[in-house]
Amino acid sequence: PALPAHRLPVRPVAGGRLPHLPRGGEGHGGTRGAGRALPGAARRGERVTPLELQLEGFTVYRQHTTVDWQGAETALFAVTGPTGAGKSTLLDAITYVLYGKTARLGGADSLFAQLTFRTGRGVYRATRVAQRRSSGVGTEVRIEVADAQAAGGWRQLPESERVKDANEALEEIVGLDYDGLTR
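Okay, so let's go over this structure. Being a predicted model, the structure only gives us computed values, none of them experimental. (Residues numbered from 1 in each chain as written. Predicted model: local features only at pLDDT ≥ 70, side-chain atom pairs only at ≥ 80, totals over all residues. Heavy atoms only, no water.)

## Concerning the pattern of salt bridges
Part 1 of the argument: This structure, assessed with the given rule, holds four salt bridges.
Part 2 of the argument: Close ionic contact of Arg125 with Glu144 constitutes a salt bridge, the shortest N to O distance being 2.8 Å. One end of the pair, Arg125, is in strand β6 (residues 122–133); the other, Glu144, is in strand β7 (residues 136–146), with 19 residues separating them in the sequence.
Part 3 of the argument: Salt-bridge contacts for Arg155 lead to Asp147; the nearest nitrogen and oxygen are separated by 3.0 Å.
Part 4 of the argument: A residue is classified by how much of its surface remains accessible, and Arg155, at 40% relative accessible area, is partly exposed. (Salt bridge = Lys/Arg side-chain N within 4 Å of Asp/Glu carboxyl O. Helix = DSSP H or I, 4+ residues; strand = E, 2+ residues; numbered from the N terminus. Buried < 20%, exposed > 50% of the residue type's maximum accessible area, 1.4 Å probe, protein only.)

Put into structure tokens, the structure is as follows:
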């Protein structure tokens, strides 16, 4: 049986548009290479839209939680809530599933994160699981692309057989490296 889903409010932002922000190196003296678009990646201006996030074991989200952005019906939305409600933890889970690292993980013995997102190239689902073991932390990652012909509607990408290859493939699909997303 499915675990109950915890839902956070998702609200559209007035006007539905953000101001132009400089990209890696434009108007910033900052670090070279940070935020660089990767070869073959999503092009500048191409959207990467989160559709659904499932997480478990992250700070306030110890139990299985689903955040569904598909009903937002807008290109821009805000996640709101009081201090400690878990807004930043959602970003931690997204960076963890996409890059295998995040600013803070907490002390959980196991973590689960699954992000379904859309790019100009298709709909993808990335899943990452970490389990603390006596020999260290074991990590598994899987990248799937929506495919109506595949069993269950998802086809696993061969790049997700090895964690290092999966990390590189996810950077290419998203079009940003970890530093580019988090700064």
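Here the narrative resumes.
## What to know about the packing of helix α1 (residues 87–99) against helix α2 (residues 163–174)
Part 1 of the argument: One way to put it is that α1 packs onto α2 with a least axis distance of 8 Å and a crossing angle of 120°. Contacts from Val97, Leu98 and Tyr99 in α1 reach Asn167, Leu170, Glu171 and Val174 in α2. (Axes fitted to C-alpha atoms, helices over the stretch in contact; angles between N-to-C directions. Contact = heavy atoms within 4.5 Å.)

## Some words on the nonpolar core
Part 1 of the argument: Membership of the largest hydrophobic core comes to 31 residues, with the highest contact counts inside it found for Leu53, Leu55, Phe58, Leu98, Leu115, Phe117 and Ile143.
Part 2 of the argument: Breaking this core down by element, the ones donating at least two residues are β2 (49–56), α1, β5 (110–119), β6, β7 and α2.
Part 3 of the argument: In terms of residue count, the dominant contributor to this core is α1 (seven residues).
Part 4 of the argument: Apart from the residues within four sequence positions on either side, Leu115 is in contact with Pro50, Glu52, Leu53, Trp69, Ile94, Val97, Leu98, Tyr124, Arg125 and Ala126. (Core = buried A, V, L, I, M, F, W, Y, C linked by side-chain atoms within 4.5 Å.)

## Section: the pairing of β7
Sheet faces and side chains relate simply in a regular strand, where the side chains alternate between the two faces.
Part 1 of the argument: Taken together, the ten bridges between β6 and β7 define a ladder with antiparallel strand orientation. Across the sheet, the residue bridging to Arg125 is Glu144, located in β7.
Part 2 of the argument: What sits between β6 and β7 in their antiparallel hairpin is a turn of two residues.
Part 3 of the argument: Across three bridges, β7 lies against strand β8 (residues 154–156) in antiparallel orientation. Across the sheet, the residue bridging to Glu144 is Gln156, located in β8. (Pairing = 2+ DSSP bridges.)

## Section: the side chain of Glu52
Part 1 of the argument: Relative to the elements of secondary structure, Glu52 occurs in strand β2.
Part 2 of the argument: In this structure the side chain of Glu52 is engaged in a polar contact, spanning 3.0 Å, whose partner is the side chain of Gln54.
Part 3 of the argument: When sequence neighbours within four positions are dropped, the list of residues in contact with Glu52 reads Thr66, Val67, Trp69, Gln70, Gln114, Leu115 and Thr116. (Polar contact = N/O pair within 3.5 Å; in protein donor to acceptor, adjacent residues only side chain to side chain.)

## Section: α1
Part 1 of the argument: Between its first and last C-alpha, α1 extends 19 Å over 13 residues, near the 18 Å set by a 1.5 Å rise per residue.
Part 2 of the argument: Burial within α1 is extensive, with ten of its 13 residues counted as buried.
Part 3 of the argument: Among all positions of α1, only Thr89, Leu90, Asp92, Ala93, Ile94, Thr95, Tyr96, Val97, Leu98 and Tyr99 are buried.
Part 4 of the argument: At the C-terminal side of α1, Gly100 shows a positive phi close to 75°. (Expected span 1.5 Å × (residues − 1).)

## Overview of the sheet that holds strand β3 (residues 65–68)
Part 1 of the argument: Pairing within the open sheet is antiparallel, and its six strands lie in the order β3-β2-β5-β6-β7-β8. Each edge of the open sheet carries a strand with a single partner, namely β3 and β8. Each neighbouring strand pair of the sheet contributes to a mean axis angle of 20°, computed without reference to strand direction.
Part 2 of the argument: Strand direction decides the pairing type here: β2 and β3, joined by four bridges, are antiparallel. Counterpart to Leu53 in the pairing with β3 is Val67.
Part 3 of the argument: This element, α1, spans β2, β3, β5, β6 and β7 of the sheet and lies at about 80° to β5.
Part 4 of the argument: Each of β5, β6 and β7 touches α2; the most contacted strand, β7, lies at about 45° to it.

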